[in-house]
Amino acid sequence: MRAFELRFRRPVPGGEPSGEGFALRWQGTAVMGIVNVTPDSFSDGGHFATAAAAIDAGLAMAAAGALLVDVGGESTRPGATPVPAHEELSRVLPVIEGLAAGEVAVSIDTSKPDVAREALSAGACLVNDVRGLRDPALRAVCAEAGAPAVLTHMQGTPETMQRAPSYGDVVEEVSTFLRRGAERALKEGIVDIIVDPGIGFGKRLEHNLALLRALPRLASGHPLLIGASRKQLIESLSGETAPTARDPGSLALHLHAAASGAAMVRAHDVAAHLQALRVWEGIGG
Ligand code: HH2
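To keep things clear, this report deals only with the structure shown in the data block. Everything numeric here is computed off the predicted structure, so don't read it as measured data.

**A word on the side chain of Ser 111**
Along the chain, the position of Ser 111 falls in the loop between strand S6 (106-109) and helix H3 (113-121). Within the structure, the side chain of Ser 111 is placed 2.5 Å from the side chain of Asp 129, a separation counted as a polar contact. At a separation of 2.8 Å, a polar atom in the side chain of Ser 111 contacts the side chain of Arg 131. In contact with Ser 111, not counting residues within four places along its chain, are Asp 129, Val 130, Arg 131 and Leu 138.

Structure representation (structure tokens):
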């Protein structure tokens with residue numbers, strides 16, 4: 001089983017001192033649990049009536065073995081309308097505070113520098129930006145806070161990304177974007193980077209499949225995260241139209257990611273993922 005490490009310049013729940021900072025270390029593919037505190041996320045929007053319910057769900061994910069719990073306050077589903085920073089903050093801050101108080105390692109799923117800064121002050125330890133750390137102000141927030149970041153590829157914006165995705169060579173374009181973005185982020189002082197090809201973010205089925213087939217190449221540099229949980233490509237491949245009924249397809253895609261060397265998968269059903277991963281690893285995967 002492959003060993004992975006993610007560095008931080010500040011203490012992180014589950015981490016250990018390492019060099020001048022701290023590190024989370026794990027073997028095999030880890031799971032990042034998803035807690036969306038939004039009214040409109042494509043599979044779990046409006047799922048949590050209160051912050052307390054979202055905190056309980058995140059605590060349960062951590063207890064089940066999630067390495068990180070990803071808290072999001074703005075949907076990035078195709079066609080989603082952006083929400084103002086103050087609204088996003090009012091959704092995520094109580095949940096982050098509650099999870100941090102429970103010693104859970106929290107990532108904040110945002111592209112807004114102000115949201116990232118406040119979330120890191122409230123106890124989040126990692127920034128998950130689906131817009132690829134394109135904003136210099138967001139990179140500066142991560143660097144100043146000593147927090148690592150997930151750098152994800154997206155063509156376009158959530159509002160427009162699925163209208164007409166187009167690539168020459170999708171694998172080449174995405175891997176170049178991730179490599180250059182990671183180099184720039186590290187040069188600007190971000191302590192560590194996870195890369196993510198952004199399944200479903202400005203990609204047709206053929207683009208998602210090409211990227212999934214190329215995961216061993218994408219996993220050969222920085223630690224790789226794959227987020228395919230309940231996404232549209234599962235409907236394209238299986239016919240399942242209800243997002244909440246797509247966990248079996250999510251597991252199939254994420255086991256493929258694990259077999260291809262992914263360091264982490266982002267999942268709604270954490271317990272099912274951990275069981276599947278541990279069983280697959282048990283037979284030598
Ligand atoms: N996908 C979503 C959100 N954040 N972050 C990373 N790094 N990779 C992903 O693939 C990814 C992500 C979209 O899924 P979800 O959070 O379930 O839905 P929504 O954006 O509608 O809240």
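**Re the pattern of salt bridges**
What the rule picks out here adds up to 16 salt bridges. Of the charged contacts, one joins Arg 246 and Glu 235 as a salt bridge, the two residues approaching to 3.0 Å between their closest N and O atoms. One end of the pair, Arg 246, is in the loop between helix H8 (232-238) and helix H9 (247-259); the other, Glu 235, is in helix H8, and 11 residues separate them in sequence. A relative accessible area of 4% means that Arg 246 is categorised as buried. A salt bridge links Arg 278 to Glu 281, with the shortest nitrogen-to-oxygen separation between them at 2.8 Å. With Arg 278 and Glu 281 both in helix H10 (residues 270-282) and three residues apart, the pair spans about one turn of that helix. Classification of Glu 281 by relative accessible area gives buried; the value is 12%. Look at the salt bridges and you will find they share partners, linking Glu 74, Glu 88, Lys 112 and Arg 131 into a network.

**Some thoughts on the sheet that holds strand S1 (residues 3-8)**
Spatial ordering of the open sheet is given by S1-S3-S2, a layout of three strands whose pairing is antiparallel. In the strand order of this sheet, the two ends are held by S1 and strand S2 (16-18), each with one partner. Averaged over all adjacent pairs, the angle separating strand axes in this sheet is 40 degrees, with direction ignored.

**Some points on the pairing of strand S3 (residues 21-27)**
Direction of pairing for S1 relative to S3: antiparallel, over a ladder of six bridges. Bridging from a neighbouring strand, Leu 6 pairs with Leu 24 of S3. Counting the residues between successive antiparallel strands, the hairpin from S2 to S3 contains two residues, one of them, Gly 19, with a positive phi of roughly 55 degrees.

**Side note on unusual backbone geometry**
One non-glycine residue, Glu 103, adopts positive backbone phi at about 65 degrees. Its location among the elements puts Glu 103 in the loop between helix H2 (85-101) and S6. Accessibility expressed as a relative area gives 60% for Glu 103, which makes it exposed. With a phi close to 60 degrees, Arg 230 is a non-glycine residue in the positive phi region. Its place among the elements puts Arg 230 in the loop between strand S10 (225-226) and H8.

**Here's the deal with the sheet that holds S10**
Pairing in this open sheet of eight strands is parallel, and the strands run S9-S8-S7-S6-S5-S4-S11-S10 from one edge to the other. At either margin of the open sheet sits one strand with a lone partner, and together these are strand S9 (193-196) and S10. Across four bridges, the pairing between strand S4 (residues 30-36) and strand S11 (residues 264-267) is parallel. What sits directly across from Gly 33, in S11, is Ala 267. Helix H1 (residues 51-64) rests against S4 and strand S5 (68-72) of the sheet, and its axis sits at about 175 degrees to S4.

**So, the site of the ligand**
Near the ligand lie 18 residues; those nearest to it are Ser 41, Ser 75, Thr 76, Asp 196 and Lys 231. In the model, an oxygen atom of the ligand is placed 3.1 Å from a nitrogen or oxygen of the Phe 42 main chain. Within the side chain of Asn 128, a nitrogen or oxygen atom sits 2.8 Å from a nitrogen atom of the ligand.

Rules behind the numbers
- Residues numbered from 1 in each chain as written.
- Predicted model: local features only at pLDDT ≥ 70, side-chain atom pairs only at ≥ 80, totals over all residues.
- Heavy atoms only, no water.
- Helix = DSSP H or I, 4+ residues; strand = E, 2+ residues; numbered from the N terminus.
- Polar contact = N/O pair within 3.5 Å; in protein donor to acceptor, adjacent residues only side chain to side chain.
- Contact = heavy atoms within 4.5 Å.
- Salt bridge = Lys/Arg side-chain N within 4 Å of Asp/Glu carboxyl O.
- Buried < 20%, exposed > 50% of the residue type's maximum accessible area, 1.4 Å probe, protein only.
- Pairing = 2+ DSSP bridges.
- Axes fitted to C-alpha atoms, helices over the stretch in contact; angles between N-to-C directions.
- Near = heavy atom within 4 Å.

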